[in-house]
Structures are given as C-alpha cells and as structure tokens.
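# Fold and geometry: a report
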Amino acid sequence: MNNGIGIYVSENSKPKLKNGHNYICYNSSYNLYNNTRFDIEAQKNFWGTQDVDSISLLIYDFYDDPSKGKVYFEPIWVPRKEILLTIQGEKGKPIDLIKIIEFILSKKSEICLNIYDVSGRKMRIINKNLEPGTHRLKINNLKKGTYFIDTKVNGIRRRFKVLKI
C-alpha cells in the first residue's frame, strides 16, 4: 500500500495472489501491474473498494496492452473484523505531503483522532461515529513541521509520525 505500483509482476515472478487475503490498494499508479503474457489469478484480495470498475482502473493488464495477460480479481475479499487505517499523501507524492487520513471500517465505529505537534500540543481533535465503508478526513490545514497522529478506532490504537514540508 501507498506505493507508486503496489505489485509489479515480471516474467520471472510467481506471485501467490489467489485466495491471498492481501491488501492490494491505495497505490498511486497501479495496484497490480502485469508485465507478462500470462494471466494472473488474484481473487479474494482487498482492493480498497468492492467496485469492479474502480479496481480495474488500477490494474495494468491485457485491457491496457493486448500483449499482456489478464488479471482475474473476482470474487473480492472484504475484511470482516479488521479496520484498515492508512495515511496517504497526494496522489503520486511522498507521505510527507500528508493531506488525508483514510479509514476503512467493516462496521459502524467510533473513531478518535488526535494530532499533536512535536512539543505535544493537541492541534486537532476529531471524534466521530462512522458507518461502514471508506472515509477520508482532510488535514491539509496544518503548518509545516513534525506531527504525531494518534488514532483509536473501536479500541484499536495506532500512532503515526509525519513530516509536513
């Protein structure tokens, strides 16, 4: 996740993506790039959405270049008990240009998000109840500097250190 290309498959690669329960999502150019003439089975993976058209747009395969193999990705796996939290910068930009915090929730959840500056001062507090699905919180109003983002979603805590330049 959060790369230019998530998975790049070359002629010598043998990816084990079928029934993998992998998170293949949130990459800026392609989530999966098939640079072979072979078909790839990548069923039962999480692509950040269940929308087939959205998934297809971030897969490079036969439909982009007929000399390449196809990527088969249905059925799509959706995590049931897991909460995926990612921090993304602008599309194609490094993580230090953070503007969005993204939550993917499998059930209705209460989130608490605190942003602290390097001296420990709370810069922003967000407390919300969110429905299942993908949610994006914009935080692009922070000044340049180092920040710590402390999150708690249904009792699961994560902390991120980011540099906004």
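Up top is the structure these notes are about.
Read on for a plain summary of the structure.

About the cut-offs
Residues numbered from 1 in each chain as written. Predicted model: local features only at pLDDT ≥ 70, side-chain atom pairs only at ≥ 80, totals over all residues. Heavy atoms only, no water. 1 Å grid on protein atoms, 1.4 Å probe; cavity = no way out; pocket = protein on both sides within 12 Å on 5 of 7 lines; lining within 4 Å. Points joined across faces, edges and corners; volume = space filled by probe spheres on them. Core = buried A, V, L, I, M, F, W, Y, C linked by side-chain atoms within 4.5 Å. Buried < 20%, exposed > 50% of the residue type's maximum accessible area, 1.4 Å probe, protein only. Helix = DSSP H or I, 4+ residues; strand = E, 2+ residues; numbered from the N terminus. Contact = heavy atoms within 4.5 Å. Pairing = 2+ DSSP bridges. Axes fitted to C-alpha atoms, helices over the stretch in contact; angles between N-to-C directions. Phe/Tyr/Trp six-rings, centres within 6.5 Å; stacked < 30°, edge-to-face > 60°. Lys NZ or Arg CZ within 6 Å of the ring centre and 35° of its normal.

## A few points about the layout of surface pockets
Each pocket or cavity is described by its volume, and for the second largest pocket that value is around 150 Å³. Lining the second largest pocket are 13 residues, with Gln 50, Val 78, Ile 104, Leu 105 and Gly 133 sitting closest to its centre.

## Some thoughts on the nonpolar core
Grouped together as the largest cluster of nonpolar side chains are 13 residues, with contacts concentrated most on Ile 111, Leu 113, Ile 115, Leu 137, Tyr 147 and Ile 149. Secondary structure elements with two or more residues in this core: strand 7 (98-105), strand 8 (109-117), strand 9 (122-130) and strand 11 (145-153). With 11 residues, the next largest nonpolar core counts Val 9, Ile 24, Ile 40 and Ile 55 among its residues.

## Here's the deal with the environment of Arg 159
Locating Arg 159 in the fold gives a position in strand 12 (residues 156-164). On the basis of relative accessibility, which here comes to 55%, the residue Arg 159 falls in the exposed class. For the pair Arg 159 and Ile 115, spaced 44 residues apart in sequence, the C-alpha to C-alpha distance is 9.8 Å. Excluding anything up to four places from it in sequence, Arg 159 contacts Tyr 116, Phe 148, Ile 149 and Asp 150.

## So, the sheet that holds strand 11
As summarised here, the arrangement of the four strands in space is 9-8-11-12, forming an open sheet in which the pairing is antiparallel. Of all the strands in the sheet, the pair left with one neighbour each is strand 9 and strand 12. Direction aside, the axes of adjacent strands within the sheet are offset by 15 degrees on average. Direction of pairing for strand 8 relative to strand 11: antiparallel, over a ladder of seven bridges. Along strand 11, the bridge assignment pairs Asn 114 with Asp 150.

## A few points about the packing of aromatic side chains
Taken as a whole and judged by the stated rule, the model has eight aromatic pairs. Relative to Phe 46, the ring of Tyr 23 has its centre 5.6 Å away and its plane inclined at 75 degrees; by these criteria the two rings are edge-to-face. Of this pair, Tyr 23 sits in the loop between strand 1 (5-9) and strand 2 (30-34) while Phe 46 is found in the loop between strand 3 (40-41) and helix 1 (52-57), placing the two residues 23 residues apart along the sequence. A centroid spacing of 5.5 Å and a plane angle of 75 degrees characterise the contact between Tyr 30 and Tyr 60, whose relative ring orientation is edge-to-face. Taken together, the positions of Tyr 30 in strand 2 and Tyr 60 in strand 4 (residues 59-60) put the pair 30 residues apart, joining distant regions of the chain. Given a relative accessible area of 14%, Tyr 60 falls into the buried group. Grouped by ring-pair contacts, the aromatic residues Tyr 8, Tyr 30, Tyr 33 and Tyr 60 constitute a single cluster. Over the face of the ring belonging to Phe 62 we find Lys 70, whose NZ or CZ atom lies 5.1 Å from the ring centre.

## Here we look at unusual backbone geometry
Going from Glu 74 to Pro 75, the amide bond is cis rather than trans, its omega being 5 degrees. In this structure, Pro 75 sits in the loop between strand 5 (71-72) and strand 6 (84-89). Residue Asn 19 is not a glycine yet carries a positive backbone phi of 55 degrees. Its location among the elements puts Asn 19 in the loop between strand 1 and strand 2. Judged by relative accessible area, Asn 19 falls into the partly exposed class, the value being 43%. The phi angle at His 21 is positive, at roughly 50 degrees, despite the residue not being glycine. Position of His 21 relative to the elements: it lies in the loop between strand 1 and strand 2.

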